[in-house]
Amino acid sequence: MKCLVTGATGFVGTNLVHELVEAGWKVRATGLHGDTKHIAHLPIEIKMADITIPEEVNEIVKGCDIVFHMAGDTSFWKHYFDRQRRVNVNGTVNIAKACLQNGVKRMVYTSTIDVLGYDPAGEAITEETGKFNFDNMGYNYGETKLKALEKIHNFIQQGLDTVIIYPGFMMGPYDHTLQLGRLFFDMKNGKLPFLIPGGSSFCHVTEVAKAHIVASEQGQTGEGYICAGNSHTNIPHAILWQKMADAINVKPPKTTIPRMIFILYAYMCQITSELTKKPPQNEPGQARQMTCHQYALSSKAVKDLGYHIPDIDTCIEDALVWYRNNGYDL
């Protein structure tokens, strides 16, 4: 069985490539031209491409039985919003079209729990109860992923066998883009003056990658599976940050900033960014999303995909082990 992994140099993509190789798959890995050092030593085919260019997409899809479409632009800088839409929406359309044209048996599409929104009362959402409600927040990433999901459902109607994964906030090895790692370094260097409100559904990236593989084999066509947390890993950001600080033996911030003050701070970051032409530390749309209590339950994935949810301490420790083993000073 030969598969294509888009976004193979990203956080979850790198983990998936390693899991696929271990499981004996023939893997073609693709991403934007850049750093491949975390997958280059593996017995795989690396064929870099720009998924916004249909001709390049057709070449990488050709000859593959399964396509894991994980590529996505997660930037929160307004300067990149047009590019983000091209990658997340147009790129997804290009991949889906190529899958149909080349007779791909199944596509596993990596979405996000963001498309399922959040419960304003702080209850955990499921695949059935979730509904996107991050609109009118300026949260471009969520909006582009929602539009991409709409496109995916259109292709399912056209006969494309697709299974959808909705990951939560992932932690673990191969976080070379420092999605979580940035918080460790900011804490260590005293650059986090306050805790933030809100919370999320935290999970282990390796387990999310494994669930993708099972979804390619056992998932139901057209079905979506939340691969996030449970009642034990749906926690406020403040608790996670305190645990992270404990893990690296530093003191966490003492005060939780009010939501509106944090959003105002994000506007200040945005204004500074316009003047400096450098990415902001935060952005209003992201600040609004982050400060919601976005909890989710992964019961369906646990039942159908054998998805496993480690505790928060394990997620943090596995991330730290990888950072330290790869030369990061933590």
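Up top is the structure these notes are about.
Draft legend 1. Seen up close, a nonpolar patch on the surface. On the surface, a nonpolar cluster with roughly 280 Å² of combined accessible area is contributed by Ile261, Leu264 and Tyr267. You can see Ile261 is positioned in helix α8 (residues 259–276).

Draft legend 2. The arrangement of the environment of Ile53 in detail. Secondary-structure assignment places Ile53 in the loop between β3 (45–46) and α2 (54–61). What makes Ile53 partly exposed here is its relative accessible area of 31%. Along the backbone, Ile53 and Asn94 are 41 residues apart, and their C-alpha atoms lie at a distance of 7.6 Å.

Draft legend 3. Spotlight on the side chain of Ser200. With respect to the helices, strands and loops of the structure, Ser200 is situated in strand β8 (residues 199–204). Every residue in contact with Ser200, bar those within four places of it in the chain, is listed here: Phe169, Thr233, Asn234, Ile235, His237, Gln294 and Tyr295.

Draft legend 4. Main features of helix α1 (residues 11–22). With twelve residues, α1 extends 17 Å between its outermost C-alpha atoms, agreeing within 8% with the 16 Å of an ideal straight helix rising 1.5 Å per residue. Here α1 lies mainly inside the structure; ten of its twelve residues are buried. Buried residues of α1: Phe11, Val12, Gly13, Thr14, Asn15, Leu16, Val17, His18, Glu19 and Leu20, and no others. Where α1 is buried, its residues contact β1 (2–6), β2 (26–29), β4 (66–69), β7 (169–171) and α6 (205–218).

Draft legend 5. Quick look at the environment of Ile316. Here Ile316 shows up in helix α11 (residues 312–325). Judged by relative accessible area, which is 2%, Ile316 ranks as buried. Through-space distance from the C-alpha of Ile316 to that of Lys47 is 32 Å; in sequence the pair is 269 residues apart. Discounting residues that sit within four places of it in the chain, Ile316 has contacts with Met171, Phe184, Leu240, Lys243, Met244 and Ala247.

Draft legend 6. Inspection of the sheet that holds β7 at higher detail. If you walk across this open sheet you meet the three strands as β7-β8-β10, and the pairing is mixed. If you trace the sheet from one side to the other, it starts and ends with β7 and β10 (234–236), each paired once. Sheet twist, expressed as the average angle between the axes of neighbouring strands with direction ignored, equals 45°. Where β8 meets β10, three bridges bridge the pair, whose relative direction is antiparallel. Following the sheet pairing, Gly199 is matched in β10 by Pro236. Seen against the sheet, α6 touches β7 and β8 and runs at an angle of roughly 70° to β8.

Here is what the cut-offs are and how they apply
Residues numbered from 1 in each chain as written. Predicted model: local features only at pLDDT ≥ 70, side-chain atom pairs only at ≥ 80, totals over all residues. Heavy atoms only, no water. Patch = residues over 30% accessible without salt bridge, like charges linked within 9 Å, V, L, I, M, F, W, Y side chains within 5 Å. Areas by Shrake-Rupley, 256 points an atom, 1.4 Å probe, with all protein chains shown as cover. Salt bridge = Lys/Arg side-chain N within 4 Å of Asp/Glu carboxyl O. Helix = DSSP H or I, 4+ residues; strand = E, 2+ residues; numbered from the N terminus. Buried < 20%, exposed > 50% of the residue type's maximum accessible area, 1.4 Å probe, protein only. Contact = heavy atoms within 4.5 Å. Expected span 1.5 Å × (residues − 1). Pairing = 2+ DSSP bridges. Axes fitted to C-alpha atoms, helices over the stretch in contact; angles between N-to-C directions.

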